[in-house]
Amino acid sequence: MRYEGRLYRPPSEADALIVQATIGCSWNHCTYCDMYREKTFRVRDLAETLEDIDRAGASVGDQVEKLFVADGDALVLGLDHWRPILERARAVFPNLRRVSCYAMARNVLAKTDAELRELREAGLSLLYIGPESGDDATLKKIAKGDDAAAHVEAARRAHAARMELSVIALLGIAMERSDEHARATAELVTRMDPEYFSALTVTIVPETPLDKLAKKGRFAVPPVPALLGELRTMVAEARPTNALFRTNHASNYLPLGGRLPRDRDRIVEVIDA
């Protein structure tokens, strides 16, 4: 495989084949994120992407069960790219059972209902969306680009197309609005009703806008008890129908797992302990 720059994928895609169909992130303004700052966003040449898929098919085709389409928000691709990518993947990976990608709410909302259904029928079944917070004031401060209502509508439309969602929250990002952030995020998770829900912990990465705020004394990562307090609120108050919950990202202080709502009380007890 040919990769340009640093490569990122969700923890649950550790065993997936990764194909870069876009380079960088089409938004790339979030204050805390440095994942794609060294890249200028562009759509990769389709022929190159298909060639990489063909090469993987020739060497490990029968071993590929999961395909993750990178980079930062590959759902931004038009169907003129998605169609051949998904078609070629089905052709060369006979045991393929899941195709996924990162997405922003705006990527979902830019697609018509018919386009989302076509993508799902062609094999794109899971979207990783990181609203980070359900608190609009926090979302604006971190330059997320979409508000809570946009994320709710994006989730509704993705689910209507029978796509699954993995929703990501960010502990510690709100500072003085910590309680509002935690409660609003729990409400957002309830309304988005994802199949998967995970929490990460904010990290101050050098040269990001968040780093510049930290150096001016305008941001600091909260102490661990405060971070766990946010996590407790999110777990205790979120009401998804049936979500697999994880805090297995390397940024977290406490690795947890279970299903919400089934394991809510047990998870809260562990956090309290």
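Scroll up to find the structure this text is about.
Reference entry: report on the structure contained in this document. Small disclaimer: the values here were computed from a predicted structure and weren't measured.

1. Focus: the overall build of the protein chain
Part 1: A count of helices and strands for the protein chain gives ten helices and ten strands.
Part 2: Rg of the C-alpha trace for the protein chain: 19 Å, near the compact-globule value of 19 Å for 273 residues, within the 12% margin.
Part 3: In terms of overall dimensions, the protein chain has a C-alpha envelope of 50 × 40 × 35 Å along the principal axes.
Part 4: The buried share among the 273 residues of the protein chain stands at 51%.
Part 5: Entry remark: accessible area of the protein chain is about 12,200 Å², with carbon and sulfur atoms responsible for 50%.

2. Section: the side chain of Glu230
Part 1: For Glu230, the position within the fold is in helix α9 (residues 224-237).
Part 2: Here Glu230 occupies a buried position and makes no salt bridge, while the nearest side chain of opposite charge, Arg177, is found at 10 Å.
Part 3: At a separation of 2.8 Å, a polar atom in the side chain of Glu230 contacts the main-chain amide nitrogen of Gly172.
Part 4: Only 2.6 Å separates the side chain of Glu230 from the side chain of Ser178, close enough to count as a polar contact.

3. A short note on the pairing of strand β4 (residues 66-70)
When a strand is regular, its side chains alternate between the sheet's two faces.
Part 1: Counting buried positions along β4 yields five of five residues, so the element is predominantly enclosed.
Part 2: Neither face of β4 is exposed, since Lys66, Phe68 and Ala70 on one face and Leu67 and Val69 on the opposite face are all buried.
Part 3: Bridge count for strand β1 (residues 17-20) against β4 is four bridges, and the pairing is parallel. Residue Leu17 lies in a different strand from β4, and its bridge partner there is Leu67.
Part 4: Strand direction decides the pairing type here: β4 and strand β5 (residues 98-103), joined by four bridges, are parallel. Each bridged residue has a counterpart across the sheet, and for Lys66 the counterpart in β5 is Arg98.
Part 5: Between the parallel elements β4 and β5, the chain passes through helix α2 (residues 79-92) in a crossover that is right-handed.

4. Some remarks on the nonpolar core
Part 1: Residues Leu75, Trp82, Leu124 and Leu127 are the most contacted members of the largest nonpolar core, which totals 60 residues.
Part 2: Among the elements that make up this core, the one with the highest residue count is helix α6 (residues 148-160) (six residues).
Part 3: Among all residues touching Trp82, those that are not within four sequence positions of it are Val69, Ala74, Leu75, Leu77, Cys101, Leu119 and Leu124.

5. Quick word on the pattern of salt bridges
Part 1: Tallied over the entire structure, the rule returns 26 salt bridges.
Part 2: With a closest N to O distance of 2.8 Å, Lys39 and Asp71 form a salt bridge. Within this pair, whereas Lys39 is found in the loop between β2 (22-23) and β3 (42-43), its partner Asp71 is found in the loop between β4 and α2, the two being separated by 32 residues in sequence. This pair shows no difference in class: Lys39 is buried, exactly as Asp71 is.
Part 3: Across the pair Arg44 and Asp52 runs a salt bridge, and its minimum N-O distance is 2.9 Å.
Part 4: Accessibility expressed as a relative area gives 5% for Arg44, which makes it buried.
Part 5: Three or more residues joined by partner-sharing salt bridges are found here, namely Arg2, Arg44, Glu48, Glu51, Asp52 and Arg55.

Reading the values: the criteria
- Residues numbered from 1 in each chain as written.
- Predicted model: local features only at pLDDT ≥ 70, side-chain atom pairs only at ≥ 80, totals over all residues.
- Heavy atoms only, no water.
- Helix = DSSP H or I, 4+ residues; strand = E, 2+ residues; numbered from the N terminus.
- Rg over C-alpha atoms; globule rule 2.2 N^0.38 Å.
- Buried < 20%, exposed > 50% of the residue type's maximum accessible area, 1.4 Å probe, protein only.
- Areas by Shrake-Rupley, 256 points an atom, 1.4 Å probe, with all protein chains shown as cover.
- Lys, Arg positive; Asp, Glu negative; His and termini not counted.
- Salt bridge = Lys/Arg side-chain N within 4 Å of Asp/Glu carboxyl O.
- Polar contact = N/O pair within 3.5 Å; in protein donor to acceptor, adjacent residues only side chain to side chain.
- Pairing = 2+ DSSP bridges.
- Right-handed = clockwise from strand over helix to strand, strands pointing away.
- Core = buried A, V, L, I, M, F, W, Y, C linked by side-chain atoms within 4.5 Å.
- Contact = heavy atoms within 4.5 Å.

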